[in-house]
Amino acid sequence: MAETHVLFVEDDDVIREATQLALERVGFAVTAVPDGLTGLEAFRADRPDIALLDVMVPGLDGVSLCRRIRDESTVPVIMLSARADSIDVVLGLEAGADDYVTKPFDGAVLVARIRAVLRRFGHASGDRAGGGPPEQEAVGGVLVFGDLEVDTEGMEVRRGGAQVALTPTEMRLLLEFSAAPGTVLSRDKLLERVWDYGWGGDTRVVDVHVQRLRTKIGQDRIETVRGFGYKLRA
């Protein structure tokens, strides 16, 4: 099996070298670069399996680099930030990142988060995280909710007949909603099923991804149930 290729963009020499060694020690192939412009060049040249982007890097900051990557690819992206400030977290997620890790981080935690994201992306073309088939009756694997069609076998989504481009994380989220339309799913449950968190996570990750999904499938399609979570309108 080919090594998983990680693009790591970090301007701090000590962090960059130590993290690269830690990732290589567990079997990842790592391209580590010190700035955003070099990172974009490396991304286009190497087409890595996952990108780790520090928010504050010179040349092209991590958030802008994430947007550039997302314009070209659905490759998973994890943002790294020295602060847990809402602005850093939300900007990174709104730019298209799939997850974020706050520095300083433990190497084992970072590896676990990388593997969780990679598992999620692998599952994006297979069964839902819960392990069972969707509960909603489908015709030829296609679930229909008004003008929204979710092809659970072909992993395609159409709205009003036009194809909707979703990232694998957005697709995983929609599959969870479409498997039980009308059922309220808590943020914690979505973190567990979609982000593969076996521990407590930041629910802002869920909120921003739900908002991103709404902009693509319709603002009214996913309803907020205050104090409980979200549900898909059948």
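Read on for a plain summary of the structure.

Rules and cut-offs
- Residues numbered from 1 in each chain as written.
- Predicted model: local features only at pLDDT ≥ 70, side-chain atom pairs only at ≥ 80, totals over all residues.
- Heavy atoms only, no water.
- Helix = DSSP H or I, 4+ residues; strand = E, 2+ residues; numbered from the N terminus.
- Buried < 20%, exposed > 50% of the residue type's maximum accessible area, 1.4 Å probe, protein only.
- Contact = heavy atoms within 4.5 Å.
- Areas by Shrake-Rupley, 256 points an atom, 1.4 Å probe, with all protein chains shown as cover.
- Pairing = 2+ DSSP bridges.
- Axes fitted to C-alpha atoms, helices over the stretch in contact; angles between N-to-C directions.
- 1 Å grid on protein atoms, 1.4 Å probe; cavity = no way out; pocket = protein on both sides within 12 Å on 5 of 7 lines; lining within 4 Å.
- Points joined across faces, edges and corners; volume = space filled by probe spheres on them.
- Nonpolar A, V, L, I, M, F, W, Y, C, P; charged D, E, K, R; others polar.
- Salt bridge = Lys/Arg side-chain N within 4 Å of Asp/Glu carboxyl O.
- Expected span 1.5 Å × (residues − 1).

**Here we look at the overall build of the protein**
Reasoning step 1: Secondary structure assignment for the protein yields eight helices and 11 strands.
Reasoning step 2: Residue burial in the protein is summarised as follows: out of 234 residues, 47% are buried.
Reasoning step 3: Counting only contacts in the protein whose residues sit at least 6 apart along the sequence, the fraction spanning at least 24 positions is 60%.
Reasoning step 4: Carbon and sulfur atoms make up 49% of the accessible area of the protein, which amounts to about 10800 Å² in all.

**Some thoughts on the sheet that holds strand S3 (residues 50–54)**
Reasoning step 1: Pairing is parallel across the open sheet formed by five strands, whose spatial order is S2-S1-S3-S4-S5. Across the chains shown, the open sheet's two edge strands, defined by having one partner strand only, are strand S2 (29–33) and strand S5 (99–102). The average angle at which neighbouring strand axes cross in this sheet is 20°, direction not considered.
Reasoning step 2: Two elements, strand S1 (residues 5–9) and S3, share four bridges in a ladder whose sense is parallel. Within the sheet, the bridge partner assigned to leucine 7 lies in S3 and is alanine 51.
Reasoning step 3: Relative to the sheet, helix H2 (residues 36–46) contacts S1 and S2, its axis offset from that of S1 by approximately 165°.

**Here's the deal with empty space enclosed by the protein**
Left-over empty space is what a probe sized like a water molecule reveals as it rolls over the atoms.
Reasoning step 1: By the definition in use, this model includes one cavity of 30 Å³ or more.
Reasoning step 2: Estimates place the volume of the largest cavity at around 40 Å³.
Reasoning step 3: Lining the largest cavity are Met79, Leu80, Ser81, Asp88, Val89, Gly92, Leu93 and Tyr100.
Reasoning step 4: The set of elements that each furnish at least two residues to the lining of the largest cavity consists of strand S4 (77–81) and helix H4 (86–94).
Reasoning step 5: If one sorts the elements of the lining of the largest cavity by residue count, H4 sits on top with four residues.
Reasoning step 6: Here the lining of the largest cavity is built from residues that sort into five nonpolar, two polar and one charged.

**Brief notes about the pattern of salt bridges**
Reasoning step 1: Taken as a whole and assessed by the stated rule, the structure comprises 17 salt bridges.
Reasoning step 2: Between lysine 216 and glutamate 170 there is a salt bridge, with its nearest N and O atoms 2.7 Å apart. Of the two residues, lysine 216 sits in helix H8 (residues 204–217) while glutamate 170 sits in helix H6 (residues 168–179), which places them 46 residues apart along the sequence.
Reasoning step 3: On the basis of relative accessibility, which here comes to 27%, the residue lysine 216 falls in the partly exposed class.

**Observations regarding H8**
Reasoning step 1: Compared with an ideal rise of 1.5 Å per residue, which puts 14 residues at 20 Å, H8 spans 20 Å between its outermost C-alpha atoms and is within 8% of the ideal.
Reasoning step 2: Along H8, the residues that are buried comprise Val205, Val206, Val208, His209, Val210, Arg212, Leu213, Arg214 and Ile217.
Reasoning step 3: One or two residues past the end of H8 sits glycine 218, with phi positive at roughly 120°.

**Here we look at the sheet that holds strand S8 (residues 156–159)**
Reasoning step 1: Read across the sheet, four strands follow the order S6-S7-S8-S9 without closing on themselves; strand pairing throughout is antiparallel. The open sheet has two edge strands with one neighbour each: strand S6 (142–145) and strand S9 (162–164). Mean inter-strand twist for the sheet, computed between neighbouring axes without regard to direction, equals 25°.
Reasoning step 2: Sheet topology note: the S6/strand S7 (residues 148–151) ladder contains four bridges and is antiparallel. Note on S7: the bridge partner recorded for valine 144 is glutamate 149.

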